[in-house]
Amino acid sequence: MPPEGPPKLPAAPLRLIVDHDALAANWHTLDRLSGTARAGAAVKANGYGLGARAAVRTLGNAGCRDFFVAHWQEAEALLDLVDPASISVLHGPATSDEARWAKAAGVRPALNSLDQVARWQSVGGGPCDIMVDTGINRLGLALSDLSDPAIAALDIDIAMSHLACADEDNPRNAVQMARWREACGVLQPRRASLANSAGIALGAAYHGDLTRPGLALYGGIPRAEFENEIAQVARIETMVLQVREIAAGEGVGYNATFTAPHPLRIGTVALGYADGFLRAWSDCGMLRSNGSPLPVIGRVSMDMSGIDLSAAPEVREGDWVEVDYALPAAAQASGLSQYELLTILGQRFSR
Ligand SMILES: *Cc1c(COP(=O)(O)O)cnc(C)c1O
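Residues numbered from 1 in each chain as written. Predicted model: local features only at pLDDT ≥ 70, side-chain atom pairs only at ≥ 80, totals over all residues. Heavy atoms only, no water.

Novice: Outline the site of the ligand, supporting the account with residue identities and numerical values.
Specialist: Taken together, 14 residues lie near the ligand, and Lys44, Tyr48, Ser197, Leu215 and Tyr339 sit nearest. The side chain of Lys44 places a nitrogen or oxygen atom 2.6 Å from an oxygen atom of the ligand. Separating a nitrogen atom of the ligand from a side-chain N or O atom of Arg212 is a distance of 2.9 Å. Protein chains shield 93% of the accessible area of the ligand, which is 390 Å² for the free molecule. If you map the ligand onto the pockets, it falls in the largest pocket. Classifying every residue of the shell around the ligand by side-chain character gives 7 nonpolar, 4 polar and 3 charged. (Near = heavy atom within 4 Å. Polar contact = N/O pair within 3.5 Å; in protein donor to acceptor, adjacent residues only side chain to side chain. Areas by Shrake-Rupley, 256 points an atom, 1.4 Å probe, with all protein chains shown as cover. 1 Å grid on protein atoms, 1.4 Å probe; cavity = no way out; pocket = protein on both sides within 12 Å on 5 of 7 lines; lining within 4 Å. Sits in = over half its atoms within 2 Å of the grid points. Nonpolar A, V, L, I, M, F, W, Y, C, P; charged D, E, K, R; others polar.)

Novice: Got a sec to walk through the side chain of Ser34? Specific residues and values, please.
Specialist: Along the chain, Ser34 turns up in the loop between α1 (20-33) and β2 (38-39). Separated by 2.8 Å, the side chains of Ser34 and Thr211 make a polar contact. Not counting residues within four places of it along the chain, the set of residues in contact with Ser34 comprises Ala39, Ile200, His207 and Thr211. (Helix = DSSP H or I, 4+ residues; strand = E, 2+ residues; numbered from the N terminus. Contact = heavy atoms within 4.5 Å.)

Novice: Outline empty space enclosed by the protein, listing residues and values.
Specialist: Inspection of the entire model under this criterion finds 1 cavity of 30 Å³ or more. There is about 30 Å³ of room inside the largest cavity. Along the lines of polarity and charge, the residues of the lining of the largest cavity split into 6 nonpolar, 3 polar and no charged. (Points joined across faces, edges and corners; volume = space filled by probe spheres on them.)

Novice: Let's hear about the packing of aromatic side chains: which residues, and what values?
Specialist: Between two aromatic rings, the relevant description is the distance of the centres plus the angle of the planes. Tallying each qualifying case throughout the model produces 5 aromatic pairs. Taking 4.8 Å as the distance between ring centres and 20 degrees as the angle between the ring planes, the aromatic pair formed by Tyr48 and Tyr218 counts as stacked. You can see Tyr48 sitting in helix α2 (residues 44-48) and its partner Tyr218 sitting in the loop between β10 (210-211) and β11 (234-246), a full 170 residues away along the chain. According to the relative accessible area criterion, Tyr48 is buried, its value standing at 6%. For Tyr218, a relative accessible area of 1% puts it in the buried group. Put simply, the rings of Tyr48, Tyr218 and Tyr339 pair up and form one aromatic cluster. (Phe/Tyr/Trp six-rings, centres within 6.5 Å; stacked < 30°, edge-to-face > 60°. Buried < 20%, exposed > 50% of the residue type's maximum accessible area, 1.4 Å probe, protein only.)

Novice: Any details on helix α10 (residues 327-334)? Residues and values, ideally.
Specialist: Think of an α-helix as 3.6 residues a turn; residues three or four steps apart then line up on the same face. Of all the positions in α10, only Leu327, Ala330, Ala331 and Ser334 are classed as buried. Considered in projection along α10, the buried side chains sweep an arc of 100 degrees and stay on one side of the axis. Elements in contact with the buried residues of α10: α11 (338-343). Of the residues one or two after α10, Gly335 is the one with positive phi, at around 80 degrees. (Arc of directions from axis to C-beta.)

Novice: Before we move on, can you summarise the pairing of strand β8 (residues 155-160) with the specific residues and values?
Specialist: Counting buried residues along β8, 5 of its 6 residues qualify, which places the element largely inside the surrounding structure. As paired strands, strand β7 (residues 127-131) and β8 are joined by 4 bridges and run parallel to one another. Within the sheet, the bridge partner assigned to Cys128 lies in β8 and is Ile156. As paired elements, β8 and strand β9 (residues 191-193) share 3 bridges and run parallel to each other. Bridging from a neighbouring strand, Ala159 pairs with Ala192 of β9. Regarding the hand of the β-α-β motif, the stretch spanning β8, helix α8 (residues 171-187) and β9 is right-handed. (Pairing = 2+ DSSP bridges. Right-handed = clockwise from strand over helix to strand, strands pointing away.)

Novice: For the pattern of salt bridges, give the residues involved together with the corresponding values.
Specialist: Inspection of every chain in the model, using the stated rule, returns 16 salt bridges. Among the ionic pairs, Arg108 bridges to Asp157, the shortest N-O distance being 3.5 Å. Placement of Arg108 in strand β6 (residues 108-111) and of Asp157 in strand β8 is noted, with a sequence separation of 49 residues between them. As far as burial versus exposure is concerned, Arg108 and Asp157 are alike and both buried. (Salt bridge = Lys/Arg side-chain N within 4 Å of Asp/Glu carboxyl O.)

Novice: Residues and numbers for unusual backbone geometry, please.
Specialist: Phi angles above zero are rare outside glycine, and Gln188 is one such case at about 50 degrees. Mapped onto the elements, Gln188 comes out in the loop between α8 and β9. On the accessibility criterion, Gln188 (59% relative accessible area) is exposed. Positive phi, close to 55 degrees, is recorded for Asp283, a residue that is not glycine. When you line up the elements, Asp283 lands in the loop between β14 (264-269) and β15 (286-289). The partly exposed category is assigned to Asp283, whose relative accessible area is 35%.

This is the structure we're talking about:
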């Protein structure tokens, strides 16, 4: 008889619930809003923190055929799930080893510089994407690079650029769009792509053949146009570890940033800054039990936060409560960006 190990451990006291129906619905919405262009999907940073592999499965089933990641390692992690030729790696090949890997794996690099172009050709070339920098001044070839003979020799699938200010009405958007059009005229790619999530809302002139939403797929709302179109995807629930009654004047948490104005029933939940619930939420976040508001009181600590249970006297130790994490409102409340709120979520959640 093998020795008996401990019984199966229950799941963690905090959960990240990813609504895959909402994810698929958001892709369909963004695909529709992309007009005659098709929507792809940015799944970098582990699918904006929510799980790239599960996201790619859901998005692939919904009809998405183009996936964008930043790092080569992110592409490698998806190879058994999708056609390698549907993956584009935005950082491009920084070394010949990366270029060789791309060529062997059949994953397309986005080429960002003449050095990367040369690197790609030196390993045999083949279908590639081109990133043209039209004004964000981050990654990408300059327009003046495009007349280089090395470019003319490429087999270009997607010619893309990236907008710096798509989430606002900014004259730079039209400038970038015009430069991208000019670049596409020179490059003659099979497909042209400019818009991220926010760019989709800027209209048909920004759509090209393929859009590259990320944030809005995962429930982010970068522009007002998306307000009634995009559904929340990520929900956070955490367990109440302990309940206590405190007297007026008692402090809660490190440095007693909260003091009870009157006797209070409070709870301690298993969610802290190590989980991505940053100290920005101290004395500011909101949790709920069946809709009743349970404000975060005191400083968020590494593994725990305090909540005021006044509005939900029925809450007991071991109960689950939900964090208000609708992204636009959460960003407003915390001062973090919607992107940060997603990608910061830690490793301890049961998913
Ligand atoms: C991250 C990224 C996207 C997606 O942007 P969102 O604002 O999340 O929609 C699209 N294109 C490029 C090049 C990116 O780096």
